[in-house]
Amino acid sequence: MVKKKQDNKQPETMGHEWDGIKEYNNPIPLWWKTTFIACIVYSVGYMIYYPSIPFAGKDGFFAGIAGWSQFKELKDEIATGKEQTKNLDEKISKLTIEQIETDPELKEYAIATGKSRFAVNCSQCHGLGANGNKGVANLLDDEWIWGSDIQNIKYTITNGVRDYTNDDTRSGEMAAYGLDEILDKKEIKDVVRYVQVLAYNASENASSDRGKVIYEENCAVCHADAGEGNQELGAPALNNQVWLYGGDRKTLIETITEGRSAKMTSFKELLTEDDIKRLVVYVRSLSDIEETSTN
Ligand code: HEC
Ligand code: HEC
């Protein structure tokens, strides 16, 4: 059996007594008192070190001897951030696009900075999501008018398309077969019927047979025999359902009657070489192009 500890000692009193009630002498524990005093000492130090007392000093408050301020902290953080990106910026400057694409950290940085440049320079035409517009290439799909390899994308961005302020611009015109009276209305309808055979596997008939002959004589030079297109001439493929302008009968008739010549600004004078590198990496990341060919 455990014996209960008996404490018969009478507690010490302070010597006061009132109506039979005595005041015991029970001081607060030492650890409590020490912590309390330490806090006071700490707060005095804090007030001297950091900005604290309002309405004192030339700034409208006492600024503290440490010279600390939120603005200064922010400035320092920005400076550290700049230091870090400076390193990556230098690498982008030094390395080729192929090399940038093979370094995952650098590639990610190029994509992020390329994206912001895209928003500023390219989204007016291509859309913020790069999904294009009527007559403006969609950059998310795997269909390329001028080619998806590094050199071709770089060339397109640098020199633009049909921007004749630049002698090196990409050119290649789709003539206005109707307006220029190269084909009459009936011939245009026939060739459209044949384009529908190429694109949608529409059934062949007398009209598409006539259209095939017209196509071979007029169109195959640029769009190729089976409508595969030609990236050197910027002639889009006609044997799939990805359209720059539209694949319905009305739009096809309009395209062939009036011709088409979409224009893209040449960025040679507007962007730096490094900006263009970032943009190439960004654009290529949009459609998950795997190979890093250089042709
Ligand atoms: C003034 C409008 C305009 C601006 C600005 C513009 N583009 Fe274009 N871009 C076009 C058009 C139109 C085409 C399609 C050209 C064609 O039909 O041959 C195109 C085509 C392209 C292509 C080729 C697509 C393919 O299928 O081969 C790339 C790559 C491209 N643009 C990237 C950019 C980038 C990057 C920027 C910003 C630096 C940009 N564009 C700014 C209008 C624009
Ligand atoms: C000299 C080369 C050339 C010839 C010949 C040519 N085209 Fe084109 N065609 C182009 C180019 C370049 C474009 C793209 C224009 C643009 O990007 O704005 C184009 C665009 C088109 C388009 C629009 C495709 C889309 O995605 O919306 C159609 C349809 C088309 N051509 C049909 C024809 C037909 C049919 C003929 C023959 C009657 C023909 N083309 C002859 C160069 C040519």
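As a reminder, the structure under discussion sits directly above these lines.
Calculation rules
Residues numbered from 1 in each chain as written. Chains lettered and ligands numbered in written order. Predicted model: local features only at pLDDT ≥ 70, side-chain atom pairs only at ≥ 80, totals over all residues. Heavy atoms only, no water. Near = heavy atom within 4 Å. Polar contact = N/O pair within 3.5 Å; in protein donor to acceptor, adjacent residues only side chain to side chain. Helix = DSSP H or I, 4+ residues; strand = E, 2+ residues; numbered from the N terminus. Nonpolar A, V, L, I, M, F, W, Y, C, P; charged D, E, K, R; others polar. Donors = N, O, S within 2.8 Å, 3.2 Å for Na, K, Ca; no water. Buried < 20%, exposed > 50% of the residue type's maximum accessible area, 1.4 Å probe, protein only. Salt bridge = Lys/Arg side-chain N within 4 Å of Asp/Glu carboxyl O. Tetrahedral: all angles 85-135°; square planar, octahedral: opposite > 155°, others 65-115°. Phe/Tyr/Trp six-rings, centres within 6.5 Å; stacked < 30°, edge-to-face > 60°. Lys NZ or Arg CZ within 6 Å of the ring centre and 35° of its normal.

> Any chance you could explain the site of ligand 1 here in plain terms?
Taken together, 26 residues lie near ligand 1, and Cys122, Cys125, His126, Ile145 and Met264 sit nearest. Take His126: an N or O atom from its side chain is 2.8 Å from a nitrogen atom of ligand 1. Within the contact set of ligand 1, an oxygen atom lies 2.7 Å away from a backbone nitrogen or oxygen of Ile145. Secondary structure elements with two or more residues in the shell around ligand 1: α5 (123-126), α6 (150-159) and α11 (273-286). Of the residues forming the shell around ligand 1, the biggest block, three residues, is contributed by α6. Split by residue class, the shell around ligand 1 holds 17 nonpolar, six polar and three charged.

> Looking at this structure, how should I read the coordination of the iron atom of ligand 1?
Reference geometry at the metal: tetrahedral coordination by four donors gives ideal angles of 109.5 degrees; octahedral coordination by six donors gives 90 or 180 degrees. Ligation of the iron atom of ligand 1 by protein atoms is provided by His126 (NE2) and Met264 (SD), these donors lying 2.0 to 2.1 Å from the ion. Here His126 falls in the buried class, since its relative accessible area comes to 10%.

> Can you help me understand the pattern of salt bridges in this one?
Opposite charge on two side chains makes pairing possible when the charged atoms of those side chains draw close. Within the structure shown, the criterion is met by 11 salt bridges. In this structure, the salt-bridge partner of Asp76 is Lys72, at a minimum N-O distance of 3.8 Å. You can see Asp76 and its partner Lys72 sitting in helix α2 (residues 70-94), four residues apart, about one turn around the helix. By relative accessible area, Asp76 is classed as partly exposed at 41%. Lys72 sits in the partly exposed class, given a relative accessible area of 45%. With a closest N to O distance of 3.2 Å, Lys268 and Asp168 form a salt bridge. One end of the pair, Lys268, is in the loop between α10 (249-258) and α11; the other, Asp168, is in the loop between α6 and α7 (185-200), and 100 residues separate them in sequence. One salt-bridge network, in which partners are shared between bridges, spans Lys134, Glu254 and Arg260.

> Hey, could you run me through the coordination of the iron atom of ligand 2 in this one?
Met174 (SD) and His223 (NE2) make up the full set of protein donors to the iron atom of ligand 2, lying at 2.0 to 2.1 Å. The site at the iron atom of ligand 2 holds six donor atoms, and with the angles between them running 88 to 180°, its shape is octahedral. You can see Met174 sitting in the loop between α6 and α7 and its partner His223 sitting in helix α9 (residues 220-223), a full 49 residues away along the chain. A relative accessible area of 10% means that His223 is categorised as buried.

> Is there a simple way to explain the packing of aromatic side chains in this structure?
We describe a pair of aromatic rings using the distance from one ring centre to the other and the angle between the two ring planes. Evaluation of the coordinates by the stated rule reveals eight aromatic pairs. Consider the rings of Trp32 and Phe36, whose centres lie 5.6 Å apart with planes at 25°: the pair is stacked. In this pair, Trp32 and Phe36 both sit in helix α1 (residues 30-49), four residues apart, roughly one turn of the helix. Among the aromatic residues, ring-to-ring pairing joins Tyr42, Tyr46, Tyr49, Tyr50 and Trp68 into one connected group. Sitting over the face of the ring of Tyr245, Arg260 holds its NZ or CZ atom 4.2 Å from the ring centroid.

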